[in-house]
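Results of the structural survey
This is what each chain is made of:
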Amino acid sequence: MTSLQDFGLLFVILFGGVILSFASDVFATGLNFRNVALASTVVAVMAIGQTFVILVAGIDLSVGAMLALSSVLSVGFTIKQGLPVGISIVLALLVGLFVGLINGLSVTLLNIPPLIATLASMSIVRGFAYIYSGGMNITPTPDIFSQFQEATVFGVPLVIIFTLVLGIIAHITLTKTSFGRQVFSTGGNALASKLAGIRVNRVIIYCYMISGFSAALAGILLSARLDAGAATAGMGYELTVISACVIGGVSLFGGEGKIGAVFLGVLLLALVQNAINLLEVPANYDYVVSGLVIAAAASLDVYRRGLVDAGLKRSNSAQKVESPEEK
Amino acid sequence: MARAADQHVLLQANNLTKAFPGVMALNGVNFQVRAGEVNALVGENGAGKSTLIKIIAGYYTPDSGEIKINGESLKFTTKAAHIAGIATIHQDHQLIPNMSVAENISLGMWETKYGFVSKRRESERAEGILSEILPNLDPQKLAKALSPAEAQLVEISKALSENSKILVMDEPTSSLSAVEVDRLFEIVAKLKNNGLGIVFVSHWLDEVFKISDTITVLRDGKLVDSVPANSITRDEIIRKMVGRDIKEVKSTSQGTSKKVLEVKNLSRNGILENISFNVNAGEIVTLVGLEGAGRSEIAECIFGIEKYHKGEILVDGVPISKSNPKAAIKAGIGLVPEDRHSQAMLPKMSVKNNISVALLKSFTRLSWLLPKEEEAIYANMKARLKIKAPTSETKIATLSGGNQQKVILGRWLSLNPKLLILDEPTKGVDVAAKAEISKIITEMATLGTAVLLISSELPEVLALSDRVIVIRSGNISGELIGSSITQKSIMDLAMAI
């Protein structure tokens, strides 16, 4: 069932691609593909972390703000404070881990609903990005940023390879390691997992830390792309990232999802953006079109789940024995 | 107690039969409700009380038989039951907590004026409805601010309409204090005098004797007797409930003298008081008691799910280090919880993953899972427990209840625990799986595991237990060993007040 769903998403992307290649001369060119892929990297890296959080039935709204804070810190520590580039980058990543830790603690120990906890941290983190940068872009970036951005391996931009490798690592972590199993188990039924001896709170906190870390990493990639530390960057990215996860079939109820499919979700959103640009849709329609695509993908997903559940029930009723006296 | 044969029969059920796969829930039951009479339905769990009530209320359609209201055949739908004047109060509360009493009462039948809900009219209507039963209640009070008794009475008021003839109450006193029960009974007496026929289901025999005019006893889906309450004793009722054929008792105790579990003076505020007992290696000890007596709470304290404020729990003489499930598992305890769906199953995961989840460590090297070892654990348990699943990747949610329960049992068996706690392990599983699960439990004990069983099914208790500890209102009310374990002795200890 799941493979069919992944295939469905792939089919939509290919089908859309074929239509676009007829509609626009520019679409089916190497340069355009490269641009679409490059534009996807920042969101893709954030989506990796978000997937972990949604898998444990959480949500992380602070990633857009974290992206901005990391963007200004990674550049600013070197430009303003004169620290070596390597140290600046490590510090920015540590801040990401720390924000994730705070999110995780709020959700587990303080029992604040994830939506509220990360809404609060979103605002606070964005505030710190403004405070640190004074609301201005921090330029120029150290040379290594632009070198990384322009580097290629056999003609493929290094950023794209970097993102794919991160995706593969995340996929392996989720499917082949004990931690990954605990993530799925916690998301599927936290109480049952706890009673099976899994330290559920710890698993959830780690997932928020992974999300904070990947948002920080995405912030550094963004600085390289923009050639600046930008406090205003990433407004609303949290919604794009969550949309990509949902389109990729990650269940908001937790316990279900695949990194590969999430990447396809990211790609689909990037293609829609690309189509809007290429087909010269007036800029003001941009949000409406994106929203419609998300709504369509989500409805399709609900419909598909309905079919799967119905199938489950049918096979169930054949075997399951009704127990009349159960209250 | 003006019960007389000449009183008007409101409801006459003839020959009701209802089968569920593997269970004959009701078998040719006749049942009557007269005007101005309280008819108490009693019987063990699984006797058919709920099924009978649900048929009367229109939730189930019987396989055969009929119900006549004032001589007319009743159709088996909730709507037909409602029109015929049957009001049903369910066991769990159904008021919406954040709405006022008035809003709850007019739910679905809003009083509107120009399309707007009229608060004033809503309030007036609620006052009218409440005037009979709860004249002093402010209809604007939020439902969550009501005491359990008030909530119960509001539900009764709501369920009763002008044409109500019969009031059916399923365990209405289970969440009420003694004073509140008295208040409820006053109301019931009042309704009775107004000519309503009342069906009352309760586990509490004292209450049954206090309130009812007629007592109807069900056992294994059959009507045993229906007699005037003042012509029968408590002991006779218990004997009728459990049947005369007292089942064979296990002859030899399997237990050794090696204490595995020691519970000392366990107390939890308002729920458990000074509970002390041991379970030895190879012994099956069963905790028996009515729903809410505190059996599951004892298990939850032992397994570290709930905190207790006094007492000590030792495994092999060593106190459990921390009060959490992980520490309990480390100490060698396994728990098959009461509610399989919410507490045990990982519904989106495969049977294999469901079995292995508690011992991830054993097949993890450097945080890497070893698929072959996991597969071996599954294969072992599948063979040992005869789990019927097409492949190891089959989702647990698609299996039958009995097979799901075997998977959960397998989760703990593969850990080879010193103590296995089983809370209602055969609840909601079919007869065949029940027998298999009982056999597995006995085998575990034979292999030296200490077993702490919690069960409401007396035949199961009799067949498996070496020792029975009866819990009543958070206290141990008695302990039975060997041949002293009988249905009668258990019921006496569980129900006396």
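Residues numbered from 1 in each chain as written. Chains lettered and ligands numbered in written order. Predicted model: local features only at pLDDT ≥ 70, side-chain atom pairs only at ≥ 80, totals over all residues.

On to the overall build of chain A. What chain A contains, in helices and strands, is 13 helices and two strands. The C-alpha radius of gyration of chain A comes to 21 Å, within 12% of the 20 Å expected for a compact globule of 327 residues. The long-range fraction of contacts in chain A, counting pairs at least 24 apart against all pairs at least 6 apart in sequence, stands at 78%. (Helix = DSSP H or I, 4+ residues; strand = E, 2+ residues; numbered from the N terminus. Rg over C-alpha atoms; globule rule 2.2 N^0.38 Å. Contact = placed C-beta atoms within 7 Å.)

Residue and element names in this part refer to chain B. Residues I86 and T88 of strand β6 (residues 86-89) are buried on one face, and the alternating residues A87 and I89, pointing to the opposite face, are buried as well. Of the pairings in the sheet, the one linking β6 to strand β9 (residues 166-170) comprises four bridges and is parallel in character. Each bridged residue has a counterpart across the sheet, and for I89 the counterpart in β9 is M169. (Buried ≥ 20, exposed ≤ 12 C-beta atoms within 10 Å, placed from the backbone. Pairing = 2+ DSSP bridges.)

Here we take up helix α1 (residues 49-56) of chain B. Residues and elements named next belong to chain B. Counting buried positions over the eight residues of α1 gives eight, a clear majority of the element. Among the residues making up α1, those that are buried are K49, S50, T51, L52, I53, K54, I55 and I56. Where α1 ends, the next residue or the one after it, G58, has phi of about 90 degrees, a positive value.

Now for the confidence of the model for chain B. Residues and elements named next belong to chain B. With 93% of its residues at a pLDDT of 70 or more, chain B has an overall mean of 86. Counted against residues more than four places away or in other chains, residues 1-5, with its pLDDT under 50, gives six contacts. Across residues 245-253 the pLDDT falls below 50, and counting only partners more than four positions away or on other chains, this stretch makes ten contacts in the model. Both scores are given for the predicted complex: the pTM is 0.77, the ipTM 0.85. (pLDDT = per-residue confidence, 0-100.)

According to the domain assignment, chain B consists of domain 1 (9-95 + 146-242), domain 2 (101-145) and domain 3 (259-495). Relative placement of domain 2 of chain B and domain 3 of chain B: their C-alpha centres are 47 Å apart. (Domains from an automatic or database assignment.)

Residues and elements named next belong to chain A. Given a rise of 1.5 Å per residue, 20 residues ought to cover 28 Å, and the 28 Å separating the end C-alpha atoms of helix α5 (residues 114-133) matches this to within 8%. Considering only its buried residues, α5 is in contact with α3 (63-79), α4 (85-108) and α11 (237-247). Positive backbone phi, at 65 degrees, marks G134, one or two positions downstream of α5. (Expected span 1.5 Å × (residues − 1).)

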